[in-house]
Amino acid sequence: MQDLLQFKSVSRRFGGFMAVRDVELSVAERDVHCLIGPNGAGKSTLFKLAVGTYAPTAGSVHFRGHDVTYDPPFARVQRGMSIKMQAPSVFRALPVRQNLNIAMQHHVSLGELPREEERLLNLLGLSADATRLAGELSHGQQQWLEIGMAVALKPILLMLDEPTAGLSPEETFRTGELVLRLASEGMTIVAVEHDMAFVRQIATRVTVLHLGQVFARGSVAEIVADPRVAEIYLGTPQSV
Ligand code: ADP
Ligand code: MG
């Protein structure tokens, strides 16, 4: 499988502090790749380097064979990346259906629009709520709507920053089902996560960050079985 997204020796410094240090990372086509690690590990910084919020201070980022290191987020979106940031930013004063409609406008032909809307509403489990204002939805439903707005762009790579933040275990599981459904349709997904149940449910590959560096990588089974990974989460000192 071809690599869709690649980090080559990527570092990001804030003043004298190296938040991300010399990261090599490849996301293959059709992977569901989870980025995990303790607080402050550099996960969100790496995510922002992928989507273009930050440029690296060293190294390069490649997407679909193009060097996008200094491309702004919109240019990456045009190349097929779609981003769901952590806090939901749906149009609260507009109905659910219209939120999707706005997101789809430039990506779906007028004739296809109604059918595509129904398909997305159904996928998100929001068919019964199509005419409600987005601001009236539960936090979980708003997260799904926001994922739906990212999916409406028909991306090749869907980037999710903590998609289960603030969700109940039941809502988290349903979010996992949604991610698996999108993956089964051929979408490549990168998720920053800390909920291990969710990671077990969805991930085909896992990269563990610690102190800004890649600490471990592998399948979920390999990562879960790695005692060194358990140690960094528990915060016990590592034996040398
Ligand atoms: P994570 O998402 O894994 O919890 P972050 O990527 O948010 O970690 O942060 C990694 C480290 O970089 C933290 O120590 C954080 O304080 C620092 N950091 C992140 N963003 C900035 C910034 N804009 N300026 C200064 N320090 C930052
Ligand atoms: Mg973070």
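## Regarding the pattern of salt bridges
- Counted under the stated rule, the structure contains 9 salt bridges.
- R228 is the partner of D226 in a salt bridge, and the nearest nitrogen-oxygen pair spans 3.7 Å.
- The class for R228 is partly exposed, based on a relative accessible area of 38%.
- Within this structure, E116, R119, K154, R181 and E185 form a network of salt bridges that share partners.

## What to know about the sheet that holds strand β10 (residues 213-218)
- On the basis of which strands lie adjacent, the open sheet formed by 6 strands has the order β6-β7-β8-β3-β9-β10 and mixed pairing. Whereas interior strands pair on both sides, the edge strands pair on one side only; in this sheet they are β6 (81-84) and β10. Recorded for the sheet is a direction-independent mean angle of 15° between the axes of neighbouring strands.
- Both strand β3 (residues 32-36) and strand β8 (residues 188-192) contribute to a ladder of 4 bridges, which runs parallel. By the bridge assignment, V32 is partnered in β8 with I189.
- Contacts from helix α1 (residues 43-51) reach β3, β6, β7 (157-161), β8 and β9 (205-210), with the element oriented near 150° to β7.
- Along the sheet, helix α5 (residues 139-151) contacts β6 and β7; its crossing angle with β6, the most-contacted strand, is approximately 165°.

## Focus: the environment of S219
- With respect to the element layout, S219 can be found in the loop between β10 and α8 (220-224).
- By relative accessible area, which is 22% here, S219 ends up partly exposed.
- Separated by 185 residues in sequence, S219 and C34 place their C-alpha atoms 10.0 Å apart.
- When residues no more than four places from it in sequence are discounted, the contact partners of S219 are T204 and R205.

## Describing the confidence of the model for the protein chain
- Of the residues in the protein chain, 97% have a pLDDT of 70 or more, and the chain-wide mean is 93.
- Per-element confidence in the protein chain ranges from a low mean pLDDT of 86 for helix α9 (residues 227-234) to a high of 98 for strand β4 (residues 58-63).

## Topic: the pairing of β10
- Alignment of β9 against β10, held across 5 bridges, turns out to be antiparallel. Bridge pairing in β10 places T207 opposite R217.
- The turn linking β9 back onto β10 is made up of 2 residues, and L211 within it adopts a positive phi angle of 50°.

## Structural notes on the site of ligand 1
- In the neighbourhood of ligand 1, the contacting residues comprise F14, F17, A19, P38, N39, G40, A41, G42, K43, S44, T45 and Y54.
- Between an oxygen atom of ligand 1 and a main-chain N or O atom of G40, the distance comes to 2.7 Å.
- A distance of 3.1 Å separates an oxygen atom of ligand 1 from a polar backbone atom of A41.
- Among the elements of the structure, β2 (17-28) and α1 are those that each provide at least two residues to the shell around ligand 1.
- Here the shell around ligand 1 takes 3 residues from α1, the largest share from any one element.
- Its residues assigned to classes, the shell around ligand 1 shows 6 nonpolar, 5 polar and 1 charged.

Cut-offs applied
Residues numbered from 1 in each chain as written. Chains lettered and ligands numbered in written order. Predicted model: local features only at pLDDT ≥ 70, side-chain atom pairs only at ≥ 80, totals over all residues. Heavy atoms only, no water. Salt bridge = Lys/Arg side-chain N within 4 Å of Asp/Glu carboxyl O. Buried < 20%, exposed > 50% of the residue type's maximum accessible area, 1.4 Å probe, protein only. Pairing = 2+ DSSP bridges. Helix = DSSP H or I, 4+ residues; strand = E, 2+ residues; numbered from the N terminus. Axes fitted to C-alpha atoms, helices over the stretch in contact; angles between N-to-C directions. Contact = heavy atoms within 4.5 Å. pLDDT = per-residue confidence, 0-100. Near = heavy atom within 4 Å. Polar contact = N/O pair within 3.5 Å; in protein donor to acceptor, adjacent residues only side chain to side chain. Nonpolar A, V, L, I, M, F, W, Y, C, P; charged D, E, K, R; others polar.

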